[in-house]
Amino acid sequence: MASKAAVPSSEKSGQTGKGGLISRLRRYGELVLFSHTLFSLPFGLLSMLWAAEGPPSFSTFFWILLALIGARNGANAFNRIADLRFDQKNPRTSGRPLAAGRVSLAEATVLTVFCFVLLALSAYMLNPLCLLLSPLAVALFLFYSYSKRFTWLCHFILGLCCGGAPVGAAIAVQGRLTLIPFLLGGAVFFWVAGFDILYALQDMDFDRKEGLYSIPARFGSRTALLLSAGCHLLALFLLAGLPFFRPAGGFYYAGLLAAALLLLLEHLDVEPANPRRMRFQSYHLNQMVSVVFFLFALLDLVLS
C-alpha cells in the first residue's frame, strides 16, 4: 500500500507539466480547428506574393502570416463560444472541446481575445490602412457567428469573412486597394460559401428543429446542392478570369484544372448521411483545393 501511494514529486510534475501543456494546446487546436487555417491561408499568401511580385520582406511576410492566423483562429474560437448551446445539443458537435467541457468558457474567451489582439498588433505593424480596417474584420467575424440565427445567407457571410484574406494580404503589401485581390477574394467567397452549404446538409434536420437558418434547412437538399455547385462554378469562373488582369502561364491553368477536378469529385461524392465522408469532402478535400491551387500558382509565379 505504501509503495503504491508514494509517487515521486518529479514524476507528478512530469505528468502535469510538459504533457499537460501539450494536451492543453492540442485541445485549443481542436477548439479553433487549427488545421482548417489551410482553407484561406494559401489564397492569402498567394495574394501577398502577387502584390509583391515575388517574396516580400521577411517582416511583411511574418506579420501577414500572424494576422491571417490570428484572424482565422480568433473567429473560430468566438464561433464556438457563440454556438455553445447548439453544439451541446447537436450529436454531431457535442464532442467538441468547449461543448464537452474539455476547454472552459474562460479559456475559450482568453484565446479569442489573444487571437484578435494578435490580428490588431499585426495590422499595426504592417501599415495604417491595415490597422484602420482591422476592427471591420473583427466585427464581420462576430456578426457571422450570430447570422445563422436570422438568415440563410450565413454561408455567404462566412465566404465574405474568408474572402477578406487575399484582400487584406495585398493591402498589407501595397498599402492601398487594387482590383486583383478583390477578384481572388471573390473566388474564395464563392468557394467557401459553396462548401459550407454542403457541410450544412448534415445539420438540416437539427437546424429546422432549433429554428436555425441555413440554405438546406430553408430550401431543402436538392436546392442546396444546386446552389453549392453554382457557387463553385462562379469561383472557378473568377479564377479563370484573373489572367486577363495579370499574366499567367501553363502552371496556373494546370492548378485551375486540378481545383476544378477536386470540386467535381466533391459534388459527385456527396453523402450527408455519412459523417466521415462529409468531413472528408467539406474539410480535407477543400484543403486540398486551396493547397494544390496555391502550389501550381506559386510555380507559375516562380518559373514564368
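Scroll up for the structure.
What counts as what
- Residues numbered from 1 in each chain as written.
- Predicted model: local features only at pLDDT ≥ 70, side-chain atom pairs only at ≥ 80, totals over all residues.
- Heavy atoms only, no water.
- Salt bridge = Lys/Arg side-chain N within 4 Å of Asp/Glu carboxyl O.
- Buried < 20%, exposed > 50% of the residue type's maximum accessible area, 1.4 Å probe, protein only.
- Helix = DSSP H or I, 4+ residues; strand = E, 2+ residues; numbered from the N terminus.
- Expected span 1.5 Å × (residues − 1).
- Phe/Tyr/Trp six-rings, centres within 6.5 Å; stacked < 30°, edge-to-face > 60°.
- Patch = residues over 30% accessible without salt bridge, like charges linked within 9 Å, V, L, I, M, F, W, Y side chains within 5 Å.
- Areas by Shrake-Rupley, 256 points an atom, 1.4 Å probe, with all protein chains shown as cover.

Draft legend 1. Main features of the pattern of salt bridges. In the structure shown here, the tally under the stated rule is eight salt bridges. The salt bridge involving Arg 80 is made with Asp 83; its shortest N-O contact spans 3.8 Å. The same class applies to Arg 80 as to Asp 83, namely buried. A salt bridge links Arg 96 to Asp 87, with the shortest nitrogen-to-oxygen separation between them at 3.6 Å. The same class applies to Arg 96 as to Asp 87, namely buried. Ionic contacts of the salt-bridge type, sharing partners, join the residues Arg 80, Asp 83, Asp 87, Arg 96 and Arg 149 into one network.

Draft legend 2. A look at helix α14 (residues 221-241). Helix length check: α14 (21 residues) gives 30 Å between terminal C-alpha atoms against 30 Å at 1.5 Å per residue, within 8%. Looking only at α14, the buried set comprises Ala 224, Ser 228, Cys 231, His 232, Ala 235, Leu 236, Leu 239 and Gly 241.

Draft legend 3. Structural context of the packing of aromatic side chains. Using the criterion set out here, one finds 14 aromatic pairs in the structure. Considering the side-chain rings of Phe 58 and Phe 62, the 6.1 Å spacing of their centres and the 25° angle between planes classify their relative orientation as stacked. Pair noted here: Phe 58 and Phe 62 are both in helix α5 (residues 58-82), with a separation of four residues, about one helical turn. Ring geometry for Phe 156 versus Phe 189: centroids 6.0 Å apart, planes at 40°, classification tilted. Here Phe 156, found in helix α10 (residues 154-174), pairs with Phe 189, found in helix α11 (residues 179-200); they are 33 residues apart in sequence, far enough to count as distant. Within the aromatic cluster, the residues linked to one another by ring pairs are Phe 43, Trp 50, Trp 191, Phe 195, Tyr 252, Tyr 253 and Phe 293.

Draft legend 4. A look at a nonpolar patch on the surface. Taken together, Leu 132, Leu 133, Leu 136, Leu 177, Leu 179, Phe 182, Phe 244 and Phe 245 make up a surface patch of nonpolar side chains, about 910 Å² in accessible area. Among the elements of the structure, α9 (128-147) and α11 are those that each provide at least two residues to the nonpolar patch. With respect to the element layout, Leu 132 can be found in helix α9. Residue classification places Leu 132 among the exposed positions, given a relative accessible area of 64%.

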